[in-house]
Amino acid sequence: MSLHIAARDGEIADRILLPGDPLRAKYIAETFLDDAVCYTDIRNILGYTGTYKGVRLSVQGTGMGIPSISIYATELMRDYGVKKLIRVGTCGAMRKDIRLRDVIIAQGATTDSSIIRNIFGGSINYAPLADFTLLRQAYEQSVKQGIPARVGNIVSVDRFYDDEIDNDKLTQYGIMAVEMETAGLYTLAAKYGAQALGLFTVSDHLLTGEACTPEERQTSFDDMIHIALETAIQ
Ligand code: ADE
């Protein structure tokens, strides 16, 4: 058992899907996995291990924001030896050519979080990157499913409500979308020598103010989960 995860040694698979919302973890386990067993419910952050197409796989909530995902990602890699981590989440679109329900793969994760400064000091602006093998596999899977993913740079912000951030400049420099965790996941995966990927569906649009209906959210979420599961078992 680690500080925030109640699993015993061996109860977590070497590959894991990471939604922010713990109830999404429950949904994924109950809908897509066979023989899923809950291994943790500390703070209601739920984690399950089961199988998908015969391959052992786990799914666990991370909470919101880099501080929260950093706790779970660190303990999963350091204490349980998890080697492949795929974040599955939603994001807000920041460019006109990105539409609601698009699937996004974060090739890089720009951030305003202090995690980079805290690790590297003042002069290095480390670039948190996806694992290329996972990225290629997820992209190929998205093409196979007929929903080619958009691949590029996203921004992992510290504040959901942020009146000061310069979104126009970020957009001008190619940032496709905003979420709140992936830069932390990529940086820590590099530290622990693990593979990490961030996959998202667009749930809202910062330029138009549009947002998915609950039904649209569910359908596009399921499409993304299929891409993530097929990638995770390779
Ligand atoms: N996740 C989904 N939409 C978001 C937004 N607009 N900002 C930050 N994180 C998000």
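Nothing here was measured: the structure is a model prediction, and the numbers come from that model. (Residues numbered from 1 in each chain as written. Predicted model: local features only at pLDDT ≥ 70, side-chain atom pairs only at ≥ 80, totals over all residues. Heavy atoms only, no water.)

A.B. asks: Sorry if this is basic, but what is going on with the site of the ligand here?
C.D. replies: Near the ligand you find Thr-90, Cys-91, Gly-92, Phe-160, Val-178, Glu-179, Met-180, Ser-203, Asp-204 and Leu-206, and these make up its full shell. In the environment of the ligand, a nitrogen atom lies 3.5 Å from a nitrogen or oxygen atom belonging to the backbone of Thr-90. Between a nitrogen atom of the ligand and a side-chain N or O atom of Asp-204, the distance comes to 2.7 Å. Considered on its own, the ligand offers 260 Å² of accessible surface; in the complex 87% of this is hidden by protein. Of the pockets mapped on this structure, the ligand occupies the largest pocket. Elements represented by at least two residues in the shell around the ligand include exactly β5 (84–93), β8 (177–179) and β9 (195–205). Broken down by element, the residue count for the shell around the ligand peaks at 3 residues, all from β5. When its residues are assigned to classes, the shell around the ligand shows 5 nonpolar, 3 polar and 2 charged. (Near = heavy atom within 4 Å. Polar contact = N/O pair within 3.5 Å; in protein donor to acceptor, adjacent residues only side chain to side chain. Areas by Shrake-Rupley, 256 points an atom, 1.4 Å probe, with all protein chains shown as cover. 1 Å grid on protein atoms, 1.4 Å probe; cavity = no way out; pocket = protein on both sides within 12 Å on 5 of 7 lines; lining within 4 Å. Sits in = over half its atoms within 2 Å of the grid points. Helix = DSSP H or I, 4+ residues; strand = E, 2+ residues; numbered from the N terminus. Nonpolar A, V, L, I, M, F, W, Y, C, P; charged D, E, K, R; others polar.)

A.B. asks: I'm lost on the pairing of β5 in this one. Help?
C.D. replies: β5 sits mainly inside the fold: 9 of its 10 residues count as buried. By the bridge criterion, 4 bridges tie strand β1 (residues 15–18) to β5 in an arrangement that is parallel. Note on β5: the bridge partner recorded for Arg-15 is Lys-84. Pairing of β5 with β9 involves 10 bridges; the strand directions are parallel. Looking at β9, one finds that Thr-90 is bridged to Thr-201. Direction of pairing for β5 relative to β8: antiparallel, over a ladder of 2 bridges. Among the inter-strand pairings, Gly-92 is bridged to a residue of β8, identified as Val-178. (Buried < 20%, exposed > 50% of the residue type's maximum accessible area, 1.4 Å probe, protein only. Pairing = 2+ DSSP bridges.)

A.B. asks: Got a minute to help me understand the nonpolar core in this structure?
C.D. replies: The nonpolar side chains of soluble globular proteins are, as a tendency, buried together. In this structure, Ile-12, Leu-17, Ile-104, Leu-197 and Leu-199 are the most contacted members of the largest nonpolar core, which totals 68 residues. Beyond its immediate stretch of four places on either side in the chain, Ile-104 contacts Cys-91, Ile-98, Arg-150, Ile-154, Met-176, Ala-177, Gly-198, Leu-199, Phe-200 and Val-202. (Core = buried A, V, L, I, M, F, W, Y, C linked by side-chain atoms within 4.5 Å. Contact = heavy atoms within 4.5 Å.)

A.B. asks: What should I look at first to understand the packing of aromatic side chains in this one?
C.D. replies: Aromatic ring pairs are described here by two measures, namely the spacing of the ring centres and the angle between the planes. Summed over all chains, the structure comprises 3 aromatic pairs. Seen from their ring centres, Tyr-27 and Phe-32 are 6.1 Å apart, and the 85 degrees between their planes marks the pair as edge-to-face. Classification of Phe-32 by relative accessible area gives buried; the value is 13%. Note on Phe-120 and Tyr-126: the rings are 4.7 Å apart at their centroids and 15 degrees apart in plane angle, and the pair reads as stacked. Tyr-126 sits in the partly exposed class, given a relative accessible area of 27%. Across from the ring centre of Phe-221, 4.0 Å away, lies the NZ or CZ of Arg-24, which sits over that ring. (Phe/Tyr/Trp six-rings, centres within 6.5 Å; stacked < 30°, edge-to-face > 60°. Lys NZ or Arg CZ within 6 Å of the ring centre and 35° of its normal.)

A.B. asks: When you look at the pattern of salt bridges in this model, what are you seeing that I'm missing?
C.D. replies: Pairing of side chains with opposite charge becomes possible as their charged atoms draw close. This model, assessed by the stated rule, comprises 13 salt bridges. The partner of Asp-97 in a salt bridge is Arg-150, with the nearest N and O atoms 2.8 Å apart. Placement of the pair is Asp-97 in the loop between β5 and β6 (103–111) and Arg-150 in strand β7 (residues 150–156), with a sequence separation of 53 residues. (Salt bridge = Lys/Arg side-chain N within 4 Å of Asp/Glu carboxyl O.)

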